[in-house]
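Each chain is listed here by its residues.
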Amino acid sequence: MIERRSATRILVSFHVTFRSIALGKQEGMISDLAVNGSRLESLAPMAVNSYLQLWIKVSPTLPRILVDLAAVRWVRDGQAGIEFLSLRPEYKTELEQIMEELPE
């Protein structure tokens with residue numbers, strides 16, 4: 001597999017709630033995070049090229065980060081590669097700050 005990532009990724013373990021038209025509301029974990037996407041682990045049967053809305057819980061004390069629109073780019077063994085397509089500027093800034101504070 002060719003590595004096509006353009007952004008730094010950080011290993012994390014954040015709870016996520018997500019929603020799609022096909023699946024309704026589901027839960028999972030974000031385990032590999034970048035400003036433009038993540039790895040999502042879930043028991044929900046996601047499909048490539050489907051679209052999600054995500055609420056990422058990065059801390060018990062901070063508000064959730066909302067990703068208005070994300071695309072599923074690959075699916076394998078209960079994991080999916082998610083590309084963030086629409087992320088409000090204030091959430092993108094918050095995500096960037098969190099990533100700067102985390103060790104790589």
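Our subject is the structure that appears above.
Computed from a predicted model, the values in this text were never measured in an experiment.

Rules behind the numbers
- Residues numbered from 1 in each chain as written.
- Predicted model: local features only at pLDDT ≥ 70, side-chain atom pairs only at ≥ 80, totals over all residues.
- Heavy atoms only, no water.
- Salt bridge = Lys/Arg side-chain N within 4 Å of Asp/Glu carboxyl O.
- Helix = DSSP H or I, 4+ residues; strand = E, 2+ residues; numbered from the N terminus.
- Buried < 20%, exposed > 50% of the residue type's maximum accessible area, 1.4 Å probe, protein only.
- Pairing = 2+ DSSP bridges.
- Expected span 1.5 Å × (residues − 1).
- Arc of directions from axis to C-beta.
- Contact = heavy atoms within 4.5 Å.
- Axes fitted to C-alpha atoms, helices over the stretch in contact; angles between N-to-C directions.

K.L.:
Please clarify how the pattern of salt bridges should be interpreted in this entry.
P.N.:
Side-chain pairing between opposite charges can occur once the charged atoms of the two side chains come close. This structure, assessed with the given rule, holds 3 salt bridges. Across the salt bridge formed by Asp 68 and Arg 88, the nearest N and O atoms sit 3.1 Å from each other. Remark: Arg 88 occurs in the loop between strand 6 (79-86) and helix 1 (89-101) and Asp 68 occurs in strand 5 (residues 65-76); sequence separation between them is 20 residues. The exposure class of Asp 68 is partly exposed, given its relative accessible area of 22%.

K.L.:
It is not clear to me how the pairing of strand 4 (residues 51-57) should be interpreted in this structure. Could you clarify?
P.N.:
For a regular strand, side-chain orientation follows a simple rule: the groups alternate between the two sheet faces. Bridge count between strand 1 (residues 10-20) and strand 4: 5 bridges; the pairing is antiparallel. For His 15, the partnering residue across the bridge sits in strand 4 and is Lys 57. Here 5 bridges tie strand 4 to strand 5, and the two strands are oriented antiparallel to one another. Bridge pairing links Leu 54 to Val 67 in strand 5.

K.L.:
When you look at helix 1 in this model, what are you seeing that I'm missing?
P.N.:
The periodicity of an α-helix, 3.6 residues per turn, causes residues three or four places apart in sequence to face the same way. Over its 13 residues, helix 1 extends 19 Å from the first C-alpha to the last, a length consistent with the 18 Å expected when each residue adds 1.5 Å. Among all positions in helix 1, only Tyr 91, Leu 95, Ile 98 and Met 99 are buried. Buried positions in helix 1, seen along its axis, are confined to an arc of 100° and lie on one side of it. Away from its buried face, by an angle of more than 90 degrees, helix 1 presents the exposed residues Pro 89, Glu 100 and Glu 101. In this fold, the buried residues of helix 1 make contact with strand 1, strand 2 (24-34), strand 5 and strand 6.

K.L.:
Just to check I follow, could you spell out the sheet that holds strand 6 for this structure?
P.N.:
Sheets are built from strands paired through backbone hydrogen bonds, the pairs being either parallel or antiparallel. The sheet built from 6 strands closes into a barrel, its strands ordered 1-2-3-6-5-4 with antiparallel pairing. In this sheet, adjacent strand axes meet at a mean angle of 45° when their direction is disregarded.

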